[in-house]
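As a plain string of letters, each chain reads:
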Amino acid sequence: MNDGDMPLEVDVVTVAEMQKTGHAFVLLDVREQPEFVAARIDGSRLIPMSELADRVQELEEVRDEHIVVHCHHGVRSLQVTHALRQAGFARTQSMAGGIDQWSDLVDHAVPKY
């Protein structure tokens, strides 16, 4: 699949499988700091959506890598995915269902809030 064919969203089970098989990708958490403290997915990198405009340069080193964006339910991550794609981060996807669905389907140890 070329990057132009990469779906806008990816489901939580696929993301978990990517982690398990060692697929190289950046897991970007765009929730706020208190949410990140309350519940997080191992290996995720926090840049809150509210700070993204000021901190997008922190992602320059991974511009060409596969980036999976997640939030609580998938709304903010979809907005950020659109913004990053428009900024040239072509291999960016939103994790549908967010960390809430991750807790339901992948890792019950991740607290729901």
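Residues numbered from 1 in each chain as written. Predicted model: local features only at pLDDT ≥ 70, side-chain atom pairs only at ≥ 80, totals over all residues. Heavy atoms only, no water.

(A) Representation of the overall build of the chain. Scanning the chain for helices and strands turns up 5 helices and 5 strands. When the helices and strands of the chain are read in sequence order from the N terminus, they spell out β-α-β-α-β-α-β-α-β-α. In terms of overall size, the chain behaves like a compact globule, its C-alpha atoms giving a radius of gyration of 13 Å where 113 residues would be expected to give roughly 13 Å. Along the first, second and third principal axes, the C-alpha set of the chain runs to 35 × 30 × 20 Å. Taking all 113 residues of the chain together, 42% fall into the buried category. Of the roughly 5,900 Å² that the chain leaves accessible, carbon and sulfur atoms contribute 52%. The averaged location of the 19 negative side-chain charges in the chain is 1 Å from the averaged location of its 10 positive side-chain charges. (Helix = DSSP H or I, 4+ residues; strand = E, 2+ residues; numbered from the N terminus. Rg over C-alpha atoms; globule rule 2.2 N^0.38 Å. Buried < 20%, exposed > 50% of the residue type's maximum accessible area, 1.4 Å probe, protein only. Areas by Shrake-Rupley, 256 points an atom, 1.4 Å probe, with all protein chains shown as cover. Lys, Arg positive; Asp, Glu negative; His and termini not counted. Charge placed at Lys NZ, Arg CZ, Asp CG, Glu CD.)

(B) Quick peek at the packing of aromatic side chains. Applying the stated rule across the entire model yields 0 aromatic pairs. Its end group placed over the ring of phenylalanine 89, arginine 63 keeps NZ or CZ at 4.3 Å from the ring centre. (Phe/Tyr/Trp six-rings, centres within 6.5 Å; stacked < 30°, edge-to-face > 60°. Lys NZ or Arg CZ within 6 Å of the ring centre and 35° of its normal.)

(C) Representation of the side chain of glutamine 93 within the structure. Structurally, the position occupied by glutamine 93 is in strand β5 (residues 92–96). For glutamine 93, the contacting residues outside a window of four places in its chain are Met6, Pro7, Leu8, Glu9, Val10, His66, Ile67, Val68, Val69, Thr81 and Arg85. (Contact = heavy atoms within 4.5 Å.)

(D) Broad picture of the packing of helix α1 (residues 12–21) against helix α5 (residues 98–105). Running from N to C, α1 and α5 point in directions that differ by 75 degrees, and their axes come no closer than 9 Å. Considered as vectors, α1 and α5 are oriented roughly perpendicular to each other. On α5, the residues touching Val12, Val13, Val15, Ala16 and Gln19 of α1 are Gly98, Gln101, Trp102 and Leu105. (Axes fitted to C-alpha atoms, helices over the stretch in contact; angles between N-to-C directions. Parallel < 35°, antiparallel > 145°, perpendicular 65-115°, else oblique.)

(E) Focus on the nonpolar core. Core analysis: the biggest nonpolar cluster contains 14 residues, and Val15, Phe25, Leu27, Ile41, Val68, Met95 and Trp102 have the highest contact counts within it. Elements with a minimum of two residues in this core: α1 and α5. Looking at this core element by element, the count peaks at 4 residues for α1. Core analysis: the next-biggest nonpolar cluster, separate from the first, contains 13 residues, Val26, Val30, Leu52 and Leu84 among them. (Core = buried A, V, L, I, M, F, W, Y, C linked by side-chain atoms within 4.5 Å.)

(F) Local environment of the environment of glutamate 60. Checked against the element boundaries, glutamate 60 lands in the loop between α3 (52–55) and β4 (67–70). Judged by relative accessible area, which is 42%, glutamate 60 ranks as partly exposed.

(G) Just the pairing of β5, in detail. Of all 5 residues making up β5, 4 are buried, and the element is well covered by its neighbours. By the bridge criterion, 3 bridges tie strand β1 (residues 9–11) to β5 in an arrangement that is parallel. Each residue of the ladder has a partner; that of valine 10, found in β5, is methionine 95. Two elements, β4 and β5, share 3 bridges in a ladder whose sense is parallel. By the bridge assignment, valine 69 is partnered in β5 with serine 94. Each parallel crossover has a hand, and for β4 linked through helix α4 (residues 75–86) to β5 it is right-handed. (Pairing = 2+ DSSP bridges. Right-handed = clockwise from strand over helix to strand, strands pointing away.)

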